[in-house]
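Read off the chains here:
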Amino acid sequence: MVRSSLITLILLLNPLVTSFRPHIPPPNPPTKLRSSASATAFSVDDAFHNFVTMIERVQQDIIASIEERETAKFSDDPWSTNLSQGRTRVIEGGSIIEKGAVSVSVVERSTLSPARAETISARGIEVKEGAEYCAAALSLVLHTRSPLIPTFRSDIRVFCLKEAAWVGGGADLTPYYLFDEDVKEFHGKYKDLCERHGQNYEEYKKVCDDYFYIPARKEHRGVGGIFFDDLPLTPVSFSFVEQLAELWMPSWLDTICDKRMNDEYTEAQRDWQLIRRGRYLEFNLLYDRGVRFGLATENPRVEGILVSAPPLIKWTYNHKVETGSEEERLQKILESPLAWA
């Protein structure tokens, strides 16, 4: 399965963007997908603009939730290129989040080049060159200061043609020290969400484990979560991805962060965190399709592409973990993922 990450979704499609002005909407109740008389028939144009409205609202809600707890504030960077437009919100130097980004990107009314049409068709979505499309995504990566709190990554995205649309998304954890109860609770929340919406948690967990894998190291980047692509957009799937995004902070900030943010840690634990962050960056630069494609484009928006990079990392030559240590326990689980829920 080809990953339609935030960068891939926006950069892979060679768009010609029309006017889009990001804005911060006032707090709203959950978005209602305007549909026609049938439960599955609806206007793709309406669905796309409902999605954009929803991700703008969720972006603002997430930032508000984090800033209630944080010592630092998010910067605000509305941006535009010849490819897309959006809003990147970045926090640095916080007491919980050492560096994080919550980003919205939107492409409207562009047309597919022959190469891009072929790429999308290879995923089982029949489309011809010159087809009009639009796309949008909300993505976040939050790198924590404490090695006792895992890095959190998540996104939701939509890709629309004239007659149909598809959504994707996910959420996953990259811990440095394992607290099994935290990981089980995290996975349990997403399993419950999938079951409420008739989605296959086990399949989405496997896709997540398979994608976030570092072949050269023969290990996974973290303990996973869920990840999915190419889910046909209907009122039901719209509700699923909206509730997925609304679960991000309850599954991480309100539970794991609130529980662990005041726990003390040692310099040795911080050192291990920086080593593991090196693996995070290895994955991003060597294997993440969106990052690799984005950096290979002409005049890439490097700041936006690499905003997911950790603020500090460390490579130690031929590093070995101590037998019987918590570091070794994490290493073994990253080599052979567990069923957490």
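Reading guide: rules and limits
- The residue count restarts for each chain, going from 1 along the sequence in the order it is written.
- For a predicted model such as this one, the threshold for reporting local features is a pLDDT of at least 70, and the threshold for listing and counting side-chain atom pairs is 80 or more; totals across whole chains, interfaces and linings nevertheless cover every residue.
- The basis for every side-chain value is the complete set of heavy atoms in the structure, and neither hydrogens nor water enter the calculation.
- A residue's pLDDT is simply how confident the predictor is in it, with values from 0 to 100.
- By the convention used here, residues are in contact when the closest approach between their heavy atoms is within 4.5 Å.
- Helix and strand labels come from DSSP, where a helix needs a run of H or I of at least four residues and a strand needs a run of E of at least two; each type is numbered from the N terminus.
- Multiplying one less than the number of residues by 1.5 Å gives the expected span of a helix.
- Whether a residue is buried, partly exposed or exposed follows from its accessible area with a 1.4 Å probe, protein chains only, as a fraction of its type maximum: under 20%, in between, or over 50%, in that order.
- What makes two strands pair is DSSP finding at least two bridges between them.
- Every axis corresponds to a line fitted to the C-alpha atoms, with the helix fit spanning only the stretch in contact, and the corresponding angles, defined between N-to-C directions, vary from 0 to 180 degrees.

### A look at the confidence of the model for the protein chain
So, step 1. With 87% of its residues at a pLDDT of at least 70, the protein chain reaches an overall mean of 86.
So, step 2. Contacts from residues 1–40, a stretch scored under 50 in pLDDT, to residues over four places away or in other chains number 129 contacts.

### Some details on helix H7 (residues 267–286)
Three- or four-residue spacings in an α-helix give side chains the same orientation, since the helix completes a turn every 3.6 residues.
So, step 1. Compared with the 28 Å implied by 1.5 Å per residue over 20 residues, the 29 Å span of H7 between its first and last C-alpha is a close match.
So, step 2. With 15 of 20 residues buried, H7 is to be regarded as a mostly interior element.

### Details of the pairing of strand S2 (residues 85–92)
So, step 1. Most of S2 sits inside the fold, with 7 of its 8 residues counted as buried.
So, step 2. As paired strands, strand S1 (residues 75–80) and S2 are joined by 6 bridges and run antiparallel to one another. Bridging from a neighbouring strand, Asp77 pairs with Thr88 of S2.
So, step 3. Across 8 bridges, S2 lies against strand S3 (residues 97–111) in antiparallel orientation. Its bridge partner being in S3, Gln85 is matched across the sheet by Val106.
So, step 4. Between S2 and S3, which pair antiparallel and follow one another directly, the connecting turn spans 4 residues, one of which, Gly93, has a positive phi of 75 degrees.

### What to know about the sheet that holds strand S9 (residues 224–232)
So, step 1. Taken together, the 7 strands give an open sheet; going across it, the order is S1-S2-S3-S4-S5-S6-S9, and neighbouring strands pair in antiparallel fashion. Where the open sheet ends on each side, the last strands, each with one partner, are S1 and S9. Ignoring strand direction, the axes of neighbouring strands in this sheet form an average angle of 5 degrees.
So, step 2. Contacting strand S5 (151–160), strand S6 (165–174) and S9, helix H4 (residues 180–196) runs over the sheet at an angle of about 25 degrees to S9.
So, step 3. In the packing of helix H5 (residues 201–211) onto the sheet, contacts are made with S6 and S9, and the angle to S9 comes to roughly 105 degrees.

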